[in-house]
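# Survey of secondary and tertiary structure
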Amino acid sequence: SDVCSSDLPRWSVPGRTIVRHGDASGIRRDRIFAIGAHPLVHEHLRVCWQNVAGTLNCGRCEKCLRTMVVFAGADQLQNIRTFPDRAELPRILDESPPIHPIHIRAWQDFGELPLRPDEHAAVVALVARST
């Protein structure tokens with residue numbers, strides 16, 4: 001049988017597909033850096049749970065923002081067609097609500113990413129108003 005312990009039967013379609021959990025080792029930032037240059041990712045990446053009609057990602061929720069910031073740090077956000085334009089990132093961050101405390105540590109680490117000055121300032125300001 002091709003079923004293994006990492007199969008996710010609740011997402012599989014019997015007789016048609018088997019969904020297997022991929023490599024989740026490392027931290028999110030490293031995984032995003034690893035996939036950032038792939039053209040398939042540029043065209044089809046979806047991380048958002050909000051399911052906004054007509055988009056793959058809302059570009060406003062914390063999960064979208066977190067992913068966008070890391071792609072910006074990898075100098076790939078401008079290539080990801082499923083997110084808002086990179087030039088909008090500082091404004092979007094400035095307009096976003098405070099981050100939930102569970103995510104603060106990750107956002108503090110984002111200050112170490114090689115972001116553009118306006119992006120870095122927006123991340124620092126978001127963390128400051130969230131703590």
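For the structure, check the block above.
Report on the accompanying structure. Owing to the predicted nature of the structure, the values given are computational and were not obtained by experimental measurement. (Residues numbered from 1 in each chain as written. Predicted model: local features only at pLDDT ≥ 70, side-chain atom pairs only at ≥ 80, totals over all residues. Heavy atoms only, no water.)

Applying the stated criterion across every chain yields a total of 7 salt bridges. Residue Asp-75 is joined to Arg-86 by a salt bridge in which the shortest nitrogen-to-oxygen separation is 2.9 Å. Here Asp-75 is found in the loop between helix H3 (62-73) and helix H4 (89-95), whereas its partner Arg-86 is found in the loop between H3 and H4, with 11 residues between them in sequence. Overall, the relative accessible area of 44% leaves Asp-75 in the partly exposed class. (Salt bridge = Lys/Arg side-chain N within 4 Å of Asp/Glu carboxyl O. Helix = DSSP H or I, 4+ residues; strand = E, 2+ residues; numbered from the N terminus. Buried < 20%, exposed > 50% of the residue type's maximum accessible area, 1.4 Å probe, protein only.)

The next point concerns the nonpolar core. Of all hydrophobic cores here, the largest spans 30 residues; its most connected members are Val-69, Phe-71, Phe-83, Leu-93 and Trp-107. Secondary structure elements with two or more residues in this core: H3, H4, helix H5 (104-110) and helix H6 (117-130). With 7 residues, the top contributor of residues to this core is H3. With sequence-adjacent residues up to four places away left out, Leu-93 is seen in contact with Leu-65, Val-69, Trp-107, Glu-119, Ala-122, Val-123, Leu-126 and Arg-129. (Core = buried A, V, L, I, M, F, W, Y, C linked by side-chain atoms within 4.5 Å. Contact = heavy atoms within 4.5 Å.)

The next point concerns the packing of helix H1 (residues 28-35) against H3. Each pair of packed helices can be summarised by the angle the axes make with each other and by the distance between the axes. For the pair H1 and H3, the least separation of the axes is 9 Å and the interaxial angle reads 60°. Here H1 lies oblique to H3, going by the angle between them. The interaxial crossing formed by H1 with H3 has right-handed handedness. Packed against H1, whose contacting residues are Arg-28, Arg-29, Ile-32, Phe-33 and Ile-35, the element H3 presents Lys-63, Arg-66, Thr-67, Val-70, Phe-71 and Gly-73 at the interface. Residue composition of the contact of H1 with H3, grouped by class: 5 nonpolar, 2 polar and 4 charged. (Axes fitted to C-alpha atoms, helices over the stretch in contact; angles between N-to-C directions. Parallel < 35°, antiparallel > 145°, perpendicular 65-115°, else oblique. Left-handed = near helix turned anticlockwise from the far one by under 90°. Nonpolar A, V, L, I, M, F, W, Y, C, P; charged D, E, K, R; others polar.)

Structurally, Cys-61 can be placed in the loop between helix H2 (39-44) and H3. Residue class for Cys-61 comes out buried when judged on its relative accessible area of 9%. The sequence separation of Cys-61 and Pro-97 amounts to 36 residues, and the corresponding C-alpha distance is 9.2 Å. Those residues within four positions of Cys-61 in sequence are excluded, and the remaining contacts are Cys-48, Trp-49 and Gln-50.

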